[in-house]
Amino acid sequence: MDKLIAYARAQRSYDLDPLRLQFGAFGIEVRTDSASLRDALARYFTPYVVASLDRVDRVVEALDGVIDIPDGFSHWPREAGKTGQKEAIYDGDGFRLIWKVKTGVVFYQSPERAVAMGPCAANDNQIINFINVQYISYLQYQGCEVCHAAAAQFGERVLAFAGFSGGGKSTLMLHCLNDPSIDYLSNDRLLVKRTGTDARAYGIPKLPRINPGTLMNNQALVGLASEAQLARWG
């Protein structure tokens, strides 16, 4: 475990230019040694990519490669009804290691460092989630509460749909987008902060997962699919 911790904490230089992301007032700089991962993240976060940041609030490092998983991790229990080991953790002095058991990616998280290690390029969705976690943490420090909910924006109002995983909250939110006056806000994480007598809601930059049937029956979404995909699904 000591070797893995030392690897996560090591200071290193990167040949690739960092990817700079601006999420509202929060600036993130992503440094990686994988060109394919950097390109994938740039495509996913295209609306948030900036040439420079006035302030870097968080640096996220992603080190692509094979790492040895040491003993010492503790199983993280899953929610009721789900089986199989998904994550394991190791808590140290001021930091936590999170091991994604199925993929082999390990995250080092502390107030000072945010490092992803292992097969990062092959599991870019987990790096996307890791980046979004940094933004969620920032909003929590600003006084926001996290809600497990999908949400859409209707003018100055927010429609939020809470429920268990698989309960249809994202599908309901996506169907609301058939109304052109309603905009997408969040897939399954909504952050809410009280401001006086009102409340302010924040989404995170994560695209929803859409089943083919949901997309094909939603005029606001069907344009996201290619003709080949529609032909295959139809």
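Definitions and limits used
- Residues numbered from 1 in each chain as written.
- Predicted model: local features only at pLDDT ≥ 70, side-chain atom pairs only at ≥ 80, totals over all residues.
- Heavy atoms only, no water.
- Helix = DSSP H or I, 4+ residues; strand = E, 2+ residues; numbered from the N terminus.
- Contact = heavy atoms within 4.5 Å.
- Salt bridge = Lys/Arg side-chain N within 4 Å of Asp/Glu carboxyl O.
- Buried < 20%, exposed > 50% of the residue type's maximum accessible area, 1.4 Å probe, protein only.
- Pairing = 2+ DSSP bridges.
- Phe/Tyr/Trp six-rings, centres within 6.5 Å; stacked < 30°, edge-to-face > 60°.
- Core = buried A, V, L, I, M, F, W, Y, C linked by side-chain atoms within 4.5 Å.
- Axes fitted to C-alpha atoms, helices over the stretch in contact; angles between N-to-C directions.
- Parallel < 35°, antiparallel > 145°, perpendicular 65-115°, else oblique.
- Left-handed = near helix turned anticlockwise from the far one by under 90°.
- Nonpolar A, V, L, I, M, F, W, Y, C, P; charged D, E, K, R; others polar.

A. Spotlight on the side chain of Asn123. On the secondary structure map, Asn123 appears in the loop between β8 (114-118) and α3 (124-141). Those residues within four positions of Asn123 in sequence are excluded, and the remaining contacts are Thr103 and Val105.

B. Structural view of the pattern of salt bridges. For the coordinates displayed, the defined rule picks out eight salt bridges. When the shortest N-O distance is used, the salt bridge between Glu29 and Arg20 registers 3.6 Å. You can call Glu29 buried: its relative accessible area is 10%. Here Asp91 makes a salt bridge to Arg96, at a shortest N to O gap of 2.6 Å. Asp91 sits in the partly exposed class, given a relative accessible area of 45%. Taken together, the shared-partner salt bridges in this structure form one network comprising Arg12, Glu61 and Arg113.

C. Inspection of the sheet that holds strand β2 (residues 26-32) at higher detail. Strand order in this open sheet of eight strands is β1-β2-β3-β8-β7-β6-β5-β4, and the pairing throughout is mixed. Bordering the open sheet on either side are β1 (19-23) and β4 (74-75), each of which pairs with just one other strand. Bridge analysis of strand β6 (residues 95-100) against strand β7 (residues 106-109) gives four bridges, and the strand direction is antiparallel. Among the inter-strand pairings, Trp99 is bridged to a residue of β7, identified as Val106.

D. Summary view of the environment of Gln219. With respect to the element layout, Gln219 can be found in the loop between α5 (212-216) and α6 (227-233). Here the alpha-carbon distance between Gln219 and Ser13, two residues 206 residues apart in the chain, equals 47 Å.

E. Expanded view of the packing of aromatic side chains. Enumeration according to the criterion identifies 11 aromatic pairs in this entry. Between Phe23 and Phe45, the ring centres sit 5.6 Å apart and the planes meet at 45°, which makes this aromatic pair tilted. Residue Phe23 is located in strand β1, and its partner Phe45 is located in the loop between α2 (35-44) and β3 (58-64); the two are separated by 22 residues in the primary sequence. With respect to burial, Phe23 and Phe45 carry one shared label: buried. On the basis of an interplanar angle of 25° and a centroid distance of 4.6 Å, the ring pair of Phe26 and Tyr138 is categorised as stacked. Of the two residues, Phe26 is situated in strand β2 and Tyr138 in helix α3; the sequence distance between them amounts to 112 residues.

F. Focus on the nonpolar core. One finds Leu21, Phe23, Ile28, Leu41, Ile127 and Ile131 to be the most contacted residues of the largest nonpolar core, which totals 28 residues. Put simply, the parts of the chain that give this core at least two residues each are β1, β2, α2, β3, β8 and α3. Looking at this core, the element that brings in the most residues is α3, giving seven residues. Met1, Ile67, Leu97 and Trp99 belong to the second-largest nonpolar core, a separate cluster that totals 16 residues.

G. A look at the sheet that holds strand β14 (residues 198-202). The strand order across the open sheet built from three strands is β9-β13-β14, with neighbouring strands paired in antiparallel fashion. Taken across any chain shown, the strands that pair with only one partner, and hence form the sheet edges, are β9 (145-147) and β14. Taken over all neighbouring pairs, the strand axes of this sheet differ in orientation by 35° on average, direction set aside. With three bridges connecting them, β9 and strand β13 (residues 190-195) associate as antiparallel partners. For Cys147, the partnering residue across the bridge sits in β13 and is Leu190. Its contacts with the sheet put α3 on β9, β13 and β14, and the angle it makes with β13 is roughly 15°.

H. Representation of the packing of α2 against α3 within the structure. It is at 10 Å that the axes of α2 and α3 come closest, and there the two elements cross at 60°. The angle between α2 and α3 falls in the class oblique. Crossing of α2 against α3: the hand is right-handed. On α3, the residues that touch Leu37, Ala40, Leu41 and Tyr44 of α2 are Asp124, Ile127, Ile128 and Ile131. Grouping the constituent residues of the contact of α2 with α3 by class yields seven nonpolar, no polar and one charged.

That is the geometry; function is a separate question.
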